[in-house]
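Working through the structure, step by step
Listed here are the chains, written in short residue letters.
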Amino acid sequence: MFSLNGTSFTNNSLSGVSRCLTQSSRRVSAPMVVVAAVSSNGKPGDGSVSVLVENALTESATPVEMEVKSTVTGGVQDVYGEDSATEDQSITPWTLSVASGFSLLRNPHYNKGLAFSERERDTHYLCGLLPPVVISHDLQVKKMMNSIRKYDVPLQRYMAMMDLQEMNERLFYKLLIDNVEELLPIVYTPTVGEACQKYGSIFRRPQGLFISLKEKGKIHEVLKNWPEKKIQVIVVTDGERILGLGDLGCQGMGIPVGKLSLYTALGGIRPSACLPVTIDVGTNNENLLNDEFYIGLRQRRATGQEYAELLDEFMYAVKQNYGEKVLIQFEDFANHNAFDLLAKYGTSHLVFNDDIQGTASVVLAGLMAALNLVGGSLSEHTFLFLGAGEAGTGIAELIALEMSKQTGIPLEETRKKIWMVDSKGLIVKSRMEMLQHFKRPWAHDHEPVQELVNAVKSIKPTVLIGSSGAGRTFTKEVVQAMATFNEKPIIFALSNPTSQSECTAEEAYSWSEGRAIFASGSPFAPVEYNGKVYASGQANNAYIFPGFGLGLIISGAIRVHDDMLLVASEALAEQVSQENFEKGLIYPPFSNIRKISAHIAAKVAAKAYELGLATRLPQPKDLVAYAESCMYSPAYRSYR
C-alpha cells in the first residue's frame, strides 16, 4: 500500500507479520523482495525459500532509490502514528506465515494458477497439485474472457467475476483492466444492481465487513477482525437507497465491493488498502424481510438516536484503527441521511459522498465538454432538473459553484440559472415552508407548475438533467419540447440501472431528430438514425472517484474541498479529444481510464497542496508521473 510519509509505500498484506517500530531513517532500493527460509519440516533452516512480503515499489517500472523518513511538517499532526508506522521496518524472522502448497493455491493474493513456473512449483510444494502445463498471464486472460463471454446472462458473468476475484486477485484485475469497456457494466452498473437485489440467493463467500446493530459498542474490535491493517479507502453503505432500486438493506454490500474493485482497476489503489463495509440497521423492504434467503437483520430500519450513535461509533472507530487520512466514501445512503452525514463528518474526517459529489463532478465535466459542441459558457445556459435528491442537488450546486468561479457572480445569483422539478412539480418559493433544507436554495420566483413538460415549455432550458430514479419520464413530448427551442438540446438521463433511465439513447436521438447531445448513467449501444451512427456518452462516476481518491492519497489530504471536485471535472473534460467530439461523445473512452485517473489525481493533489490540506511533503515536481508510478499493477511476481 502507499505509505503515509510521502516517500514510499509497502504492502504488508500477509497476516502474521511482526514489525519492530523504529524511528531511524534508512535507504531502500526497489524492487526488493523479503524472503524467509524454511526447511521441509516447516522450521528455520536451509530448505526451500518462500516469498513472504512484496515491497510495493516493485509496482514501479523503474527502480527508484529514495530516502524513507517522515517528512510531515504541516497540515495535520501525526496523532495516530500512521506515518511512522508505514515506514520500512526491520522484520523479526520466523514469525511469518508462509503460504505454500495447497494453501498457496487458495490464497487469492498470491495464487497464480497455471501461471506458476516449474521452478516455483518445485519450490512451493505445488507439484502434483496443478496440471503440468504452464501458461502465461495473457493466455489466462484470454481463457477467462472466452469463458465469461459464453454466459448469456449478465448476472452469471458477474458471479463468474466475483469467483475469480476470490480465487486469483491479480488475474481478476488484469482481466478488468484489459477489458474495461466490456466488463465495467458487469462489475458495476447496471449488473451490480441486479446482484444486490439477489445478493442473498447468490451469496457464497463474505466480501468486506458487515457491521450490524448487534455490534454496537464493539465496532473498534470488529474492525480489527479485518485481516488488512493499512487501509486507505473505505466504501460504506447502509443499503437504504441502492442505485434507483430502493432499500436493499444488508444486500447493498455489492455496491462497496464493486466500487472498490474500480478503485483498484481504474485508480490504482492496492486491493489490500481497500475495505468494503455495510452498516446493517435493518430494512423496510417487506419482500426482503419475508425472504428466507435474506442475509441481514430481520427488523425494520433503525432511525434517530440509535442510528446516529451507531454511525458515530463507526466513524471514530475507523479513525482510531486506520488513522486521520483514511478516505471514507459514503455510498447509497438515503437523502435524509446522506446530506447530514456529509455535513457532520466533513470537518472531522476525510469523507466523500459519491452520489452527491462524484456524480456532480462527472456531470459537470460532461457539460464543460458539451460546450465545445453547443457554444457559450456555463453561465449562458439554463438548467432544468427532474429529481431534487442528493444527486440532483449535488450536481446543481457544483454547476453553480463553477459558474460563480468563472464569472465572479455570487453563488446565490448563479443558482437562479438552475431549476428543479420534484414529485410535486416545479420547486418555487411558494412551496418554501414545505421543502427539505437541501431543496430550498433552488426555490425561485415562478408560478407553480405540476408537469415536467409544462416546466420545460415555461423555463425553456438548454440543458435537461434527469436524476429522479424514475424510468421513462423524459417522454416524447418532453424531448420534442426541448428540441423546439434548442438547436442542440443537452439531455442527460442519469438514473441507474438501465430500467430506471429517464429515456433511452434511441429515444433521445429519434425524438430530437438526431440533434440531441445525450449522456446517460447506464451504458447504451450506439444508435443509428437517418443513416448516421450516434455513440452516446456515459456519465459514469467511475470516471471521477478512482482518480479523485488516488489524488487524495498521494497528497495525504486530510479533508475534501469543493475546489478539488471542480478541478477533477476540469481534468476529465480536458481528456475529451476532437475525435471524440466528432463522434458525438462528451466523455473520453474508458479504454484510457487509468491515464485519465492519473491526470485527475494529479490535479486533485495539486489543489490539496495549494489549499494547505496536503501532508505528504514536499510536493512531487511531476504529479502525473508520480500518480502513475504509485498505481497498482496486476502483473504477476516471480516467487523464489
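Residues numbered from 1 in each chain as written. Predicted model: local features only at pLDDT ≥ 70, side-chain atom pairs only at ≥ 80, totals over all residues. Heavy atoms only, no water.

This brings us to the pattern of salt bridges. Counted according to the given criterion, the structure contains 32 salt bridges. Linking Arg149 and Glu182 is a salt bridge whose minimum nitrogen-to-oxygen distance equals 2.9 Å. Here Arg149 is found in the loop between helix H4 (137–148) and helix H5 (154–167), whereas its partner Glu182 is found in helix H7 (residues 180–187), with 33 residues between them in sequence. By relative accessible area, which is 43% here, Arg149 ends up partly exposed. Of the charged contacts in the structure, one is a salt bridge between Asp422 and Lys439, with a shortest N-O distance of 3.1 Å. In this pair, Asp422 sits in strand S13 (residues 418–422) while Lys439 sits in the loop between strand S14 (425–426) and helix H18 (452–459), placing the two residues 17 residues apart along the sequence. (Salt bridge = Lys/Arg side-chain N within 4 Å of Asp/Glu carboxyl O. Helix = DSSP H or I, 4+ residues; strand = E, 2+ residues; numbered from the N terminus. Buried < 20%, exposed > 50% of the residue type's maximum accessible area, 1.4 Å probe, protein only.)

Running from N to C, helix H13 (residues 304–322) and helix H14 (residues 335–345) cross one another at 45 degrees; their axes reach a closest spacing of 12 Å. In terms of orientation, H13 lies oblique with respect to H14. When you trace H13 past H14, the crossing you get is right-handed. Contacts between H13 and H14 involve Tyr307, Leu311, Asp312, Met315 and Tyr316 from the first element and Asn337, Leu341, Lys344 and Tyr345 from the second. When its residues are assigned to classes, the contact of H13 with H14 shows 6 nonpolar, 1 polar and 2 charged. (Axes fitted to C-alpha atoms, helices over the stretch in contact; angles between N-to-C directions. Parallel < 35°, antiparallel > 145°, perpendicular 65-115°, else oblique. Left-handed = near helix turned anticlockwise from the far one by under 90°. Contact = heavy atoms within 4.5 Å. Nonpolar A, V, L, I, M, F, W, Y, C, P; charged D, E, K, R; others polar.)

On to the sheet that holds S14, then. Within the open sheet, the 7 strands sit side by side as S14-S13-S12-S15-S16-S17-S20. Their pairing is mixed. Only two strands of the sheet have a single neighbouring strand rather than two, namely S14 and strand S20 (537–538). In terms of strand pairing, strand S16 (residues 490–493) meets strand S17 (residues 517–520) through 4 bridges, oriented parallel. By the bridge assignment, Ile490 is partnered in S17 with Ile517. Against the sheet, helix H16 (residues 390–407) touches strand S12 (383–386), S13 and strand S15 (463–466), its axis set at about 175 degrees to S13. (Pairing = 2+ DSSP bridges.)

Let us now look at the UniProt feature "binding site: a divalent metal cation" (unreviewed entry) in the protein chain. Annotation from UniProt places "binding site: a divalent metal cation" (unreviewed entry) at Glu331, Asp332 and Asp355. Sequence-wise these annotated residues cover 25 residues; spatially they are packed, their C-alpha atoms never more than 6.7 Å apart. Residue classification places Glu331 among the buried positions, given a relative accessible area of 2%. The residues touching Glu331, leaving out its near neighbours within four places in the chain, are Val235, Val236, Thr237, Asp238, Ile255, Lys259, Asp354 and Asp355. As for its position among the elements, Asp355 is in helix H15 (residues 354–374). Looking at Asp355, the relative accessible area reads 8%, which means it is buried. (UniProt positions renumbered as here; feature names shortened; annotations may be inferred.)

Scanning the entire structure with this criterion turns up 16 aromatic pairs. Taking the centre distance of 5.9 Å and the plane angle of 80 degrees together, the rings of Tyr173 and Tyr632 count as edge-to-face. With a gap of 459 residues between them, Tyr173 in helix H6 (residues 169–178) and Tyr632 in the segment after helix H25 (623–630) connect regions that are remote in the sequence. Directly above the aromatic system of Tyr639 lies the positively charged group of Lys112, at a separation of 5.0 Å from the ring centroid. The residue whose ring lies beneath Arg415 is Trp442, and the NZ or CZ to ring-centre distance is 5.8 Å. (Phe/Tyr/Trp six-rings, centres within 6.5 Å; stacked < 30°, edge-to-face > 60°. Lys NZ or Arg CZ within 6 Å of the ring centre and 35° of its normal.)

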